[in-house]
Amino acid sequence: MREHIDEQKYEVKEKLREIENLQLDLITFEVLRNAFVAACYEASTTIERIAYHPVVGMGRDRSNALLTADGRLVAHGHTDAAAHYASFEASIEELLKDIPKKKMRPGDAYLFSDPYRTGSHVNDTRLIRPIFVDDEIVAFACTVIHWADMGGPMPGTFNPEATSCYAEGIRIPPIRLFKKDKLDENWFKFIALNIRGSIERRGDLTAQFEAARLIERRVQDLVARYGKQTVELAFEEQFNYSERLMLAEIKALPDGVWEFEDYGDQDVMRPGKPPIRVHCKMTKKGTQLTFDWTQSDPQPCGSWGAARATLIGGNYLGFMICFPRLFPLNNGIIRNLEIISKPGTCVHVVEPAPTTGYCSGAFDKVEAVTIACLAGPLASVQPWRVYPAAVSLTNLCMGGFNPRTGKSFVQYTYAVGGENARTFKDGKSLIFMRFCNARTIPQELEERWFPVIYTRYEARPDSCGHGQRRGGFALVRELKVLTDVTMTIHGDREKYPPFGIGGGMNGGGCALVINKGTEKELDAGMYATGVHLKQGDQIYYTSSGGGGFGNPLDRDPLLVLEDVKDEWLTMEAARNFYGVVIKEIDAEACDYLIDEEETRKAREELRIKGFPEGRGAHQIHPEGKNIKPGWIPTEEEVQPHITVSRPPGW
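Notes on the structure follow. (Residues numbered from 1 in each chain as written. Predicted model: local features only at pLDDT ≥ 70, side-chain atom pairs only at ≥ 80, totals over all residues. Heavy atoms only, no water.)

In this section: the sheet that holds strand β13 (residues 407-414). Taken together, 4 strands build an open sheet; the order of strands is β13-β12-β16-β19 and the sheet is antiparallel. Each edge of the open sheet is held by one strand with a lone partner, namely β13 and β19 (531-533). Put simply, the sheet's adjacent strands are angled 25° from each other on average, direction ignored. As paired strands, strand β16 (residues 485-490) and β19 are joined by 3 bridges and run antiparallel to one another. Residue pairing in the sheet places V485 in a bridge with L533 of β19. (Pairing = 2+ DSSP bridges. Helix = DSSP H or I, 4+ residues; strand = E, 2+ residues; numbered from the N terminus. Axes fitted to C-alpha atoms, helices over the stretch in contact; angles between N-to-C directions.)

Next comes the structure, spelled out in structure tokens:
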């Protein structure tokens, strides 16, 4: 390990010596800086056009990155999955441990999927391509796609009840899957025998391969036009530029120490099913930010925890959400964040701990806690960057035989819904913004691909985190299965929903119920594993609502009235949470009026009574209530700050 690090440092020093006498003018720098991102973005749209499974093409569960020859992140695409960010550098670093660069050849591409080494989970496969110019590696392209199935006992590979990685599909060490741009059929046959839907996966793999080749062509074109040394200098200046921006942002914040914690619903395989605590102590001194996660709970028995690279990814995402002007993430930012963890904890699990929970488990909590810790220094100087928690990812997988196509299938879809409130504006509903890329897969597309039919697809009333600024509303879907299937749900945030801040309430929790409202009703929860459904069974599937900000009794009654008219809120919720009493004049004509006198009385009563504190749905979070901005900014005041360097999808 030490020899490998020393060799990398030597290579970096040699490159710097070669380019130290070069000067890069600002125009060339801007052209190249944006060209790097554009290459990755173009590669991502290529995957969307070619990939087979809807979760990749329409859902955008994919990413692309350009890295230096020694594995430092240069750029990724505008609409790439933020959950993949930390895997890029780790993937190249681990690849080079197994396969030195001297053994690589033009036309090679390496497949790699090992959560302990690359982060995320086995479904996120990486295809890594060394980029050659004149027989020398000048960069790496890394493409990541969520393969809908990687084997294991459950269709879709998600397995909440797994107690080791051996029940979660196949891990793939770095293998040369393409040689001279030709697929190694023997290797692929081995993989195909161990996964479901191998024909689909071959289509997805083809998309990855073409994306990596596209990044290679774009880099080679830039080298041909500007010269290798200029392109390499642009890599370094990209890092230096981002570093200067980042250090200036951090320097403007007050020094101090802040702590926060969040919880996973349960360690489903541990006796008593206790909750899982994720804790961070953040220290800011000068331009140094340190995140210490060592006090988090021990490694869980069930599939909820995260490998270190996944922890780092959640930390990166939380940081970038608070500092969007630094987008895109690159090594200039990465090298200035100190992230401390302890092996054997829920945020740094060690082999053979299960890891498929990933974004619904530890990753989601790490991101939320990072944002809460950063709220400490940001509250006094930039309160528009202070956020509650947002909707949690939940993973619904079904597999079986599709009578319409005569083939087996694996359906994977994720919940979207309530985004967090902001200090100056309500949270967005029915979408999933914080991963930057994810799109809701239209129900019509899923009905075409899979043996299901949707009977409901709409907002869940009253599901937001209530507040002066309310969180977004959850999306509820009801669907009927048209054949017998095996279903697994791998989620969270049912018992401990997204938290509110500053007196705002926690959002409503996730839920999954089979045959809701019938004699066969089954509350499956967020960890149901391998449930056998019969043709005609109904699934009620809803996400969580976003956390709220500020006391709900301080919300403008007219805004509450509008939410009632739009059927986001019921009149009961308006009365119970906002103290706004509304009279129904003509529901069909959407004619409602606020009863001013009754509203005054109701608000006085609620202020005296107060709202219950706790970590459950629609309660005041005991720690979140202490996160308060120095002042509440207006939307007009914030506008100049949130329109700066905000790329599409962010």
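Count 3.6 residues to each turn of an α-helix, and residues three or four apart come out pointing the same way. Those residues of helix α13 (residues 557-565) that sit buried are V560, L561, D563 and V564. Viewed end-on, α13 has its buried residues packed into an arc of 160°, placing them on one side of the element. Next to the buried residues of α13 lie α14 (571-578), β21 (582-586) and β22 (591-594). By the N-cap criterion, in which a side-chain oxygen at the helix start approaches the backbone nitrogen of a residue two or three places on, α13 is capped by D556, the distance to L558 being 2.9 Å. Of the residues trailing α13, E567 is marked for its positive phi of about 65°. (Buried < 20%, exposed > 50% of the residue type's maximum accessible area, 1.4 Å probe, protein only. Arc of directions from axis to C-beta. Contact = heavy atoms within 4.5 Å. Polar contact = N/O pair within 3.5 Å; in protein donor to acceptor, adjacent residues only side chain to side chain.)

So, about unusual backbone geometry. A cis amide bond, omega 0°, links F327 with the succeeding residue P328. Relative to the elements of secondary structure, P328 occurs in the loop between α9 (308-322) and α10 (331-334). The omega torsion across E351 and P352 is 10°, close enough to zero to call that bond cis. Of note, P352 is situated in the loop between β11 (337-340) and α11 (362-378). For R60, which is not glycine, the phi dihedral falls at a positive 65°. On the secondary structure map, R60 appears in the loop between α3 (54-57) and β1 (62-68). Backbone geometry places R493, a non-glycine residue, at a positive phi of 60°. In this fold, R493 is placed in the loop between β16 and β17 (511-514). When its relative accessible area of 0% is taken as the criterion, R493 is described as buried.

For the rest of this paragraph, the subject is the state of the cysteines. This structure, assessed with the given rule, holds 0 disulfides. Not part of a disulfide, C373 finds its nearest cysteine sulfur in C280, a span of 4.2 Å. No disulfide involves C464; its sulfur sits 15 Å from that of C510, the nearest cysteine. A residue is classified by how much of its surface remains accessible, and C464, at 0% relative accessible area, is buried. (Disulfide = S-S within 2.5 Å.)

Another aspect to go through is a negative patch on the surface. Together, E584, D586, E588 and D591 give the surface a local cluster of negative charge. Relative to the helices and strands, E588 is located in the loop between β21 and β22. (Patch = residues over 30% accessible without salt bridge, like charges linked within 9 Å, V, L, I, M, F, W, Y side chains within 5 Å. Areas by Shrake-Rupley, 256 points an atom, 1.4 Å probe, with all protein chains shown as cover. Salt bridge = Lys/Arg side-chain N within 4 Å of Asp/Glu carboxyl O. Lys, Arg positive; Asp, Glu negative; His and termini not counted. Charge placed at Lys NZ, Arg CZ, Asp CG, Glu CD.)

The next thing to look at is the nonpolar core. Grouped together as the largest cluster of nonpolar side chains are 160 residues, with contacts concentrated most on F36, L66, W293, F319, M487, L512 and I539. Looking at this core element by element, the count peaks at 11 residues for α11. M487 has contacts with L396, C397, M398, L512, I514, A528, T529, G530, V531, L533 and I539, leaving out every residue within four places of it along the chain. One finds L561, A574, Y592 and I594 within the second-largest nonpolar core, a separate group that totals 19 residues. (Core = buried A, V, L, I, M, F, W, Y, C linked by side-chain atoms within 4.5 Å.)

Attention shifts here to the environment of E89. Locating E89 in the fold gives a position in helix α4 (residues 85-98). When its relative accessible area of 17% is taken as the criterion, E89 is described as buried. Sequence-wise, E89 and D492 are 403 residues apart; in three dimensions their C-alpha atoms are separated by 28 Å. Ignoring anything within four residues of it in the chain, the contact list for E89 reads L67, G71, R72, L73, N331 and I334. Of note is the side chain of E89, whose polar atom sits 2.8 Å from the backbone nitrogen of L73.

With that settled, the discussion passes to the pairing of strand β3 (residues 109-113). For β3, a buried count of 5 out of 5 residues is recorded, marking the element as mostly surrounded by other parts of the structure. Pairing between β3 and strand β6 (residues 172-179): 4 bridges, direction antiparallel. Bridging across to β6, A109 finds its partner in F178. Summarising the sheet, β3 and strand β4 (residues 124-133) pair through 3 bridges and their orientation is antiparallel. By the bridge assignment, Y110 is partnered in β4 with I128.

It is worth spelling out the packing of helix α6 (residues 185-192) against helix α7 (residues 198-226) at this point. Between α6 and α7, the shortest axis-to-axis distance is 10 Å and the interhelical angle comes to 130°. For the element pair α6 / α7, the angle class is oblique. By crossing handedness, the relation of α6 to α7 is classed as right-handed. Facing α6, whose interface residues are E185, F188 and A192, α7 presents S198, R202 and L205. Across the contact of α6 with α7, the residue classes tally to 3 nonpolar, 1 polar and 2 charged. (Parallel < 35°, antiparallel > 145°, perpendicular 65-115°, else oblique. Left-handed = near helix turned anticlockwise from the far one by under 90°. Nonpolar A, V, L, I, M, F, W, Y, C, P; charged D, E, K, R; others polar.)

Turning our attention to the environment of A438. The residue A438 is located in the loop between β13 and α12 (443-449) in this model. Leave out the neighbours within four places in its chain, and A438 touches G59, Y414 and F432.

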